[in-house]
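Below, each chain spelled out in residue letters.
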Amino acid sequence: LFGLPQLGKPKAQVLAELILKETGYAPTYEARCWDIDGEGDPAGQVLVVAVDSLEARRSVWQRVKAGLEGGQPRLLLDLRMGAQVARVFAIQPHQAEERAYYERSLSPSLPPAKAKCSEKSIIYCPLAAASLGLALLRHWLVGRPHPVEVAQDLVTFTQVATFLDGRNGRAA
């Protein structure tokens, strides 16, 4: 997602510039560092979660759930990388079924991967995750049905999309 011209810019600004370039839509955004251990509520219609641990995701999610009465965020995008596997979630927190699906992803059923995302992957891996996130965002923005999760293995070129209406798909 970051190239040399983006160094030093907030991630939210870079994402907004990329959305404008790819879709022609100029989103409004608030770039801020959100101390996941501090106080405050997520603001805005779309919350992009790009943190490095499941514990940090749980902390963000608890704050999202605590603020649901305020109507924000309308969409949570969670971009995850583990070596050369991307998992991207597009959750509408006000939808009970989507909320439950996402909460299950915050309880690890497998031990953590031995390789951290930067140890065995290269730049195309986070770019693939960002591209999936942007595609899910676009579907949401224009009102198209979208999966709650897309998993993509960049070694085997396998992709699985999970829809909660039963039309899950696998592309190889």
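These numbers were taken from a predicted model, which means no experiment stands behind them. Each chain carries its own residue numbering, running from 1 in the direction its sequence is written. Totals for whole chains, interfaces and linings use all residues, but because this is a predicted model, local features are given only for residues with pLDDT of at least 70 and pairs of side-chain atoms are given and counted only at 80 or more. Side-chain metrics in this entry use all non-hydrogen atoms of the structure; hydrogen atoms and water are not considered.

A.B. asks: Provide a residue-level description of the confidence of the model for the protein, including the pertinent values.
C.D. replies: How sure the predictor is of each residue is captured by pLDDT, a score from 0 to 100. Of the residues in the protein, 73% reach a pLDDT of 70 or more, and the chain-wide mean stands at 79. A helix here means a DSSP run of H or I that spans at least four residues, while a strand means a run of E at least two residues long, and both kinds are numbered starting from the N terminus. Strand S6 (residues 169-171) is the least confidently modelled element of the protein, averaging 55 in pLDDT, while strand S4 (residues 149-153) averages 95, the highest of any element. Here a residue-residue contact requires only that any non-hydrogen atoms of the pair lie within 4.5 Å. In this model, residues 35-43 is a region of pLDDT below 50 whose contacts with residues beyond four sequence positions or in other chains number 20 contacts.

A.B. asks: Residue-level account of the layout of surface pockets, with values.
C.D. replies: Residues are said to line a cavity or pocket when one of their atoms sits within 4 Å of a point; the points come from a 1 Å grid over protein atoms alone, cavities being sets where a 1.4 Å probe fits but cannot get out and pockets being open sets with protein on both sides within 12 Å along at least five of seven lines. Grid points are joined across faces, edges and corners, and a volume is the space filled by probe spheres set on the points. For the second largest pocket, the calculated volume is near 200 Å³. In terms of lining residues, the second largest pocket is bounded by 13 residues, among which Gln92, Glu98, His146, Val148 and Leu164 are the most central. Residues of the lining of the second largest pocket, tallied by class, amount to five nonpolar, three polar and five charged. Residues are grouped as follows: Ala, Val, Leu, Ile, Met, Phe, Trp, Tyr, Cys and Pro are nonpolar; Asp, Glu, Lys and Arg are charged; all remaining types, including Gly, are polar.

A.B. asks: Talk me through the nonpolar core; I want residue IDs and the actual numbers.
C.D. replies: To qualify as a nonpolar core, a set must consist of buried Ala, Val, Leu, Ile, Met, Phe, Trp, Tyr and Cys residues joined through side-chain atoms within 4.5 Å. Partly exposed describes any residue whose relative accessible area lies between the buried limit of under 20% and the exposed limit of over 50%, with all areas from a 1.4 Å probe on protein chains only and scaled to the type maximum. Of all hydrophobic cores here, the largest spans 17 residues; its most connected members are Leu75, Leu77, Val88, Leu136 and Leu137. Taken together, the elements giving at least two residues each to this core come down to helix H1 (11-23), strand S2 (75-82), strand S3 (85-91) and helix H4 (124-141). Among the elements that take part in this core, H4 stands out by supplying six residues, more than any other. Counting residues in each nonpolar core, the second largest holds 13 residues, with Trp61, Leu76, Phe89 and Ile91 among its members.

A.B. asks: Which residues make up the packing of aromatic side chains, and what values go with them?
C.D. replies: Aromatic rings from Phe, Tyr and Trp, taking only the six-membered ring of Trp, are treated as a pair when their centres fall within 6.5 Å; an angle between ring planes under 30 degrees marks them as stacked, one over 60 as edge-to-face, and anything in between as tilted. All chains considered together, the criterion is met by three aromatic pairs. Between Phe89 and Tyr101, the aromatic rings sit 6.4 Å apart at their centres with planes inclined by 50°, giving tilted as the arrangement. One end of the pair, Phe89, is in strand S3; the other, Tyr101, is in helix H3 (residues 96-105), with twelve residues separating them in the sequence. In this pair, the class of Phe89 matches that of Tyr101, namely buried. With centroids separated by 5.6 Å and ring planes inclined at 80°, the aromatic side chains of Phe89 and Tyr102 adopt a geometry described as edge-to-face.

A.B. asks: Describe H3, and please don't skip the residues or the numbers.
C.D. replies: Within H3, burial applies to Glu98, Tyr101, Tyr102 and Ser105. Taken around the axis of H3, the buried residues stretch over an arc of 95°, which confines them to a single face. Where H3 is buried, its residues touch helix H2 (54-66), S2, S3, S4 and strand S5 (158-162). Throughout, the arc means that of the directions going from the helix axis to the C-beta atoms.

A.B. asks: So what about the pattern of salt bridges? Which residues, and what values?
C.D. replies: The term salt bridge refers to a side-chain nitrogen of Lys or Arg lying within 4 Å of a carboxyl oxygen of Asp or Glu. Per the stated rule, a full pass over the model turns up four salt bridges. Between Lys65 and Glu103 there is a salt bridge, with its nearest N and O atoms 2.9 Å apart. Taken together, the positions of Lys65 in helix H2 and Glu103 in helix H3 put the pair 38 residues apart, joining distant regions of the chain. A relative accessible area of 30% places Glu103 in the partly exposed class. The salt bridge involving Glu149 is made with Arg87; its shortest N-O contact spans 2.6 Å. Of the two residues, Glu149 sits in strand S4 while Arg87 sits in strand S3, which places them 62 residues apart along the sequence.

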